[in-house]
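Spelled out from the first residue to the last, the chains are:
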Amino acid sequence: MKARTFPGGIHPAYRKLTAQSPIRDLTPPPQVVIPLHQHTGAPCQPLVQKGDTVLKGQKIGDVEAAVAAPVHASLPGRVVAVEPRPHPAGRDVPAVVVEWDGSDAAVDVGPYPDPDDLEPARIAEIIREGGLVGLGGAAFPTAVKVRPPAGTVIDTYILNGAECEPFLTTDHRIMVEDPQSILLGLRALMKAAGAPRAIVAIEDNKPDAVEAMTAATRGMPEVSVEVVHTKYPQGSEKHLIKALLGREVPSGGLPFHVGVIVSNVGTAAAVGELFATGMPLIRRVVTVTGKVRAPANLRVPIGTPFSYLVEAAGGFDGEPYKVVAGGPMMGVAQYTLDVPVVKGTSGVLVLGPGDRIPESTACVRCGRCVESCPMRLLPLYLEAYYRAGMIDRAETLHAMDCIECGCCSWVCPARRPLVQAIRLAKMEIAARRRKAAP
Ligand code: SF4
Ligand code: SF4
């Protein structure tokens, strides 16, 4: 099979320490902290208050907004607080704190009918009520994604199993261990979106996942498994579409503008579990890795504190330098281990003193950042314009097309904080656009 790819990108050391570690179900923690905002879109309002008792799977937060996803209790027990708590995105967010009662008492649900027997709108409704969001990190509500604007024709559904971020292995293990849930979920997603065919894209460094998914899709002629090159950021939606279909998503556009929807394989597995059991999204797999004594892939209730995960992975292996939610390229550094696992938490990465980034020096105009940029941008100029306060110039150079992959910062010999500056430039451009909007 010929592996496909895209121009630009980098080849960091992959350090997938847990690629062969089977997913382990962790004993739940004594308490879970469930933020009411775990998705792109409007935050949920609480449906419970301090002192209430809740069942596993009970809806505890929702909002009437077009782009949103409800949240559910991941453990049964007593609500001990509804208050702002630290969130892995780096700010305090209102959260429901549940003290586990030690039981497995759950809401009374059962499997949904097979997606083939349901109307697309009903499937989207089930996915919404199940609280499904993209589990790859962006946490965009899945029910919204599968129902693009009226008149849009979706000809291909891409399942993203590239998992190109170093260290992370949750998608890899789900593909090896539970391809059936992925395919049940994929059938639901395809039916909801009206997509007649699907491609499962997997990087060529995961031959066991390719084998498992190829075997599981036998007898499904509408689904093909495609091998893509191991290169970062191969898992970016736009680059997968380019590599697999040769289509360019226009600047400012979304995959549906070129007839495609992309979801993560972990998201599809969660949709499959929802249809098979009726239980909403209350748990996920997290890779706990880096400088911990026993790196692992752990399946945990949403709301489990990072401190509990680090302990379950044997504790810190030496003095930590940084703890990151997600991978080293796109993850977010944490200031406390009190933050909980949210729907979009794919990993907890502990970096050691050897991973410390040296002080930055002046740009030597080597051009490496330009060569590596998969969006064909000019990172050195974007940074310089941002620092000079010339935001208009940064906008003219398409700063908003930056996917924040971090390739430019990674290759820079002067260790310029390029992606950080570009991210700030984008925030400023977005704020200006909001202000200028009628
Ligand atoms: S890689 Fe770094 S040093 Fe080289 S041109 Fe870009 S910003 Fe300058
Ligand atoms: S400019 Fe943006 S898209 Fe280009 S390499 Fe840097 S972070 Fe990635």
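This text gives an overview of the structure that appears in the document. Since this is a predicted model, take the numbers as computed values, not measurements.

Quick notes on the rules
- Residues numbered from 1 in each chain as written.
- Chains lettered and ligands numbered in written order.
- Predicted model: local features only at pLDDT ≥ 70, side-chain atom pairs only at ≥ 80, totals over all residues.
- Heavy atoms only, no water.
- Near = heavy atom within 4 Å.
- Nonpolar A, V, L, I, M, F, W, Y, C, P; charged D, E, K, R; others polar.
- Pairing = 2+ DSSP bridges.
- Helix = DSSP H or I, 4+ residues; strand = E, 2+ residues; numbered from the N terminus.
- Axes fitted to C-alpha atoms, helices over the stretch in contact; angles between N-to-C directions.
- Contact = heavy atoms within 4.5 Å.
- Buried < 20%, exposed > 50% of the residue type's maximum accessible area, 1.4 Å probe, protein only.
- Parallel < 35°, antiparallel > 145°, perpendicular 65-115°, else oblique.
- Left-handed = near helix turned anticlockwise from the far one by under 90°.
- Phe/Tyr/Trp six-rings, centres within 6.5 Å; stacked < 30°, edge-to-face > 60°.

## Thoughts on the site of ligand 1
Around ligand 1, the neighbouring residues are Cys-363, Val-364, Arg-365, Cys-366, Gly-367, Cys-369, Leu-380, Cys-412, Pro-413, Arg-416 and Leu-418. When its residues are assigned to classes, the shell around ligand 1 shows 8 nonpolar, 1 polar and 2 charged.

## Focus on the sheet that holds strand β11 (residues 223-228)
Backbone hydrogen bonds are what pair the strands of a sheet, in a parallel or an antiparallel way. Here 4 strands make up an open sheet; going across it, the order is β11-β10-β9-β12 and the pairing parallel. Each edge of the open sheet carries a strand with a single partner, namely β11 and β12 (260-264). Across the sheet, the mean angle from the axis of one strand to that of its neighbour is 25°, orientation sign disregarded. Where helix α7 (residues 265-277) meets the sheet, it contacts β9 (156-161), β10 (197-203) and β12, and its direction lies at approximately 80° from that of β12.

## Notes on the pairing of β9
Taking burial as the measure, the 6 residues of β9 include 6 buried ones, the bulk of the element. Across the two faces of β9 the burial is the same, with Thr-156, Ile-158 and Asn-160 and Tyr-157, Leu-159 and Gly-161 all buried. With 6 bridges connecting them, β9 and β10 associate as parallel partners. In the strand pairing of β10, Leu-159 is matched with Val-200.

## A look at the packing of helix α3 (residues 170-177) against α7
Relative orientation of the contacting elements α3 and α7 amounts to 50°, with a least axis distance of 9 Å. Classified by the interaxial angle, the pair formed by α3 and α7 is oblique. Here α3 and α7 pass one another in a crossing that is left-handed. Contacts between α3 and α7 involve Asp-171, Ile-174 and Met-175 from the first element and Val-265, Gly-266 and Ala-269 from the second. Tallied by class, residues from the contact of α3 with α7 come to 4 nonpolar, 1 polar and 1 charged.

## Describing the packing of aromatic side chains
One pass over the full model with this rule turns up 2 aromatic pairs. Both rings, one in Tyr-112 and one in Phe-275, keep their centres 5.7 Å apart while their planes meet at 55°; by these two values the pair is tilted. On the criterion of sequence distance, the pair formed by Tyr-112 in the loop between β8 (92-100) and α1 (120-129) and Phe-275 in helix α7 is long-range, its members being 163 residues apart. Tyr-112 sits in the partly exposed class, given a relative accessible area of 26%. Judged by relative accessible area, Phe-275 falls into the buried class, the value being 2%.

The values reported here are purely geometric and, on their own, carry no functional implication.
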